[in-house]
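# Coordinate analysis (summary)
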Amino acid sequence: MRIAFIGDIVGRPGRKIIKENLKKIKEEYSIDFVIANAENASHGFGLTVKNCNELLKTGIDVITGGNHTFDKKQDMFALLETDYVLRPDNYPLGVPGTGVGVYNIGDEKLAVINLMGQYTMPTVENPFNWAIKLVSKLQEEGIKNIFIDFHGEVTSEKRVIFMMLKGQVSGICGTHTHVGTDDLQIVNGTAYLTDIGLTGCRDNIIGMNEKIPIQKATTGIGGHFEVPNSCKAILQMMIIDIEDGAAINSFKLKKYCDRPNLIKTEAIIESN
């Protein structure tokens, strides 16, 4: 099976570049299943039912989240009643929804796990101990194909989860920083990338207009971050080929859009 993971979708520009390109990408690269982190898809903070449905129509199969999952609470409470929207599974007991989904792809099953790190994040259970229990349970159920979106601030937490679970899961990809890393690798059948980066505006600051971030950095006075209506956009995804639970090939695909109808492509390929 070939799966794809799209990095943090930020606002309208992120949704737009996906709408214009994802179906063509799926056909060109023969992708069977698409996972996307969309906790910033609605105005940069949270996800609405309307925008979720918009993304699902583009060819995304399941949506993951992070620390902004509950920014739009009522919409998210409704979405978490479905099986196509996940939130970090290690949120405390009593939080609606789940962070584990099992999906049929032809004759095979794929488990998707959404976890969140601890550093600078909302209160969560220890993600490392939590992950061991989740993966063990899925393996006991006979599920070999397992992908993890680890939503974390620091690279060290993501690297720890990789070192712990290499050889036990098919893929691990980090989200949250909106800045892509260049450490794509496959070790013991596990494809790993510390952070996929954002899908949205690339000519500002983490997908947001630069005015308020600069103001905060220089004066200490913050404000509301805004997603620009017009910008140079990027779509970033990690693609993994999986056989019998093990990643056999993986590459990171980037699509750039400087203006409407001008798309440039860069593929970084890594295989074992």
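As shown above, the structure is provided for reference.
Below, the structure is looked at part by part. Values in this document were obtained by computation on a predicted structure and should not be read as measured data. (Residues numbered from 1 in each chain as written. Predicted model: local features only at pLDDT ≥ 70, side-chain atom pairs only at ≥ 80, totals over all residues. Heavy atoms only, no water.)

Once that is clear, we can look at a negative patch on the surface. Judged by side-chain charge, Asp32, Asp107, Glu108 and Glu243 come together as a negatively charged surface patch. Secondary-structure assignment places Glu243 in strand β11 (residues 233–243). (Patch = residues over 30% accessible without salt bridge, like charges linked within 9 Å, V, L, I, M, F, W, Y side chains within 5 Å. Areas by Shrake-Rupley, 256 points an atom, 1.4 Å probe, with all protein chains shown as cover. Salt bridge = Lys/Arg side-chain N within 4 Å of Asp/Glu carboxyl O. Lys, Arg positive; Asp, Glu negative; His and termini not counted. Charge placed at Lys NZ, Arg CZ, Asp CG, Glu CD. Helix = DSSP H or I, 4+ residues; strand = E, 2+ residues; numbered from the N terminus.)

Another aspect to go through is the packing of helix α1 (residues 11–29) against helix α2 (residues 49–57). At a minimum axis distance of 9 Å, the contact between α1 and α2 shows a crossing angle of 20 degrees. Here α2 runs roughly parallel to α1, going by the angle between their axes. Between α1, through Arg15, Ile18 and Lys23, and α2, the contact on the second element is made entirely by Asn51, Glu54, Leu55 and Lys57. (Axes fitted to C-alpha atoms, helices over the stretch in contact; angles between N-to-C directions. Parallel < 35°, antiparallel > 145°, perpendicular 65-115°, else oblique. Contact = heavy atoms within 4.5 Å.)

Burial runs high along strand β7 (residues 171–175): 5 of the 5 residues are buried. Alternating residues of β7 divide into Gly171, Cys173 and Thr175 and Ile172 and Gly174, and every residue in both groups is buried. You can see the chain leave strand β6 (residues 145–151), run along helix α5 (residues 155–165) and come back into β7, and the turn it takes is right-handed. Pairing of β7 with strand β9 (residues 190–193), which is carried by 3 bridges, proceeds in the parallel orientation. Paired with Cys173 across the bridge in β9 is Leu193. (Buried < 20%, exposed > 50% of the residue type's maximum accessible area, 1.4 Å probe, protein only. Right-handed = clockwise from strand over helix to strand, strands pointing away. Pairing = 2+ DSSP bridges.)

Considering the arrangement of structural elements, one finds Lys211 in helix α6 (residues 211–219). Considering only alpha carbons, one finds Lys211 and Gly223, 12 residues apart in sequence, at a separation of 9.4 Å.

Here we come to the state of the cysteines. Evaluation of the coordinates by the stated rule reveals 1 disulfide. Covalently, Cys201 is tied to Cys231 through a disulfide, its sulfur atoms 2.0 Å apart. Around the S-S axis, the bridge from Cys201 to Cys231 shows a dihedral of about -80 degrees and counts as left-handed. With Cys201 in strand β10 (residues 200–201) and Cys231 in the loop between α6 and β11, this pair connects stretches of sequence that are 30 residues apart. Residue Cys201 is classed as buried on the basis of its relative accessible area, which comes to 1%. (Disulfide = S-S within 2.5 Å.)

Our next topic: the packing of helix α4 (residues 127–140) against α5. At a minimum axis distance of 10 Å, the contact between α4 and α5 shows a crossing angle of 30 degrees. The two elements α4 and α5 cross, and the hand of that crossing is right-handed. On α5, the residues touching Pro127, Phe128, Ala131, Ile132 and Val135 of α4 are Glu157, Val160, Ile161, Met164 and Leu165. (Left-handed = near helix turned anticlockwise from the far one by under 90°.)

With that out of the way, let us pick up the pattern of salt bridges. Taken as a whole and assessed by the stated rule, the structure comprises 6 salt bridges. Arg2 is the salt-bridge partner of Asp241, the closest N and O atoms lying 2.6 Å from each other. Residue Asp241 is located in strand β11, and its partner Arg2 is located in strand β1 (residues 2–6); the two are separated by 239 residues in the primary sequence. Among the residues examined, Asp241 registers a relative accessible area of 14% and is labelled buried. The salt bridge partner of Glu141 is Lys137, with a shortest N-O separation of 2.6 Å. Given the relative accessible area of 46%, Glu141 is considered partly exposed. Residue class for Lys137 comes out partly exposed when judged on its relative accessible area of 48%.

By themselves these figures say nothing about function.
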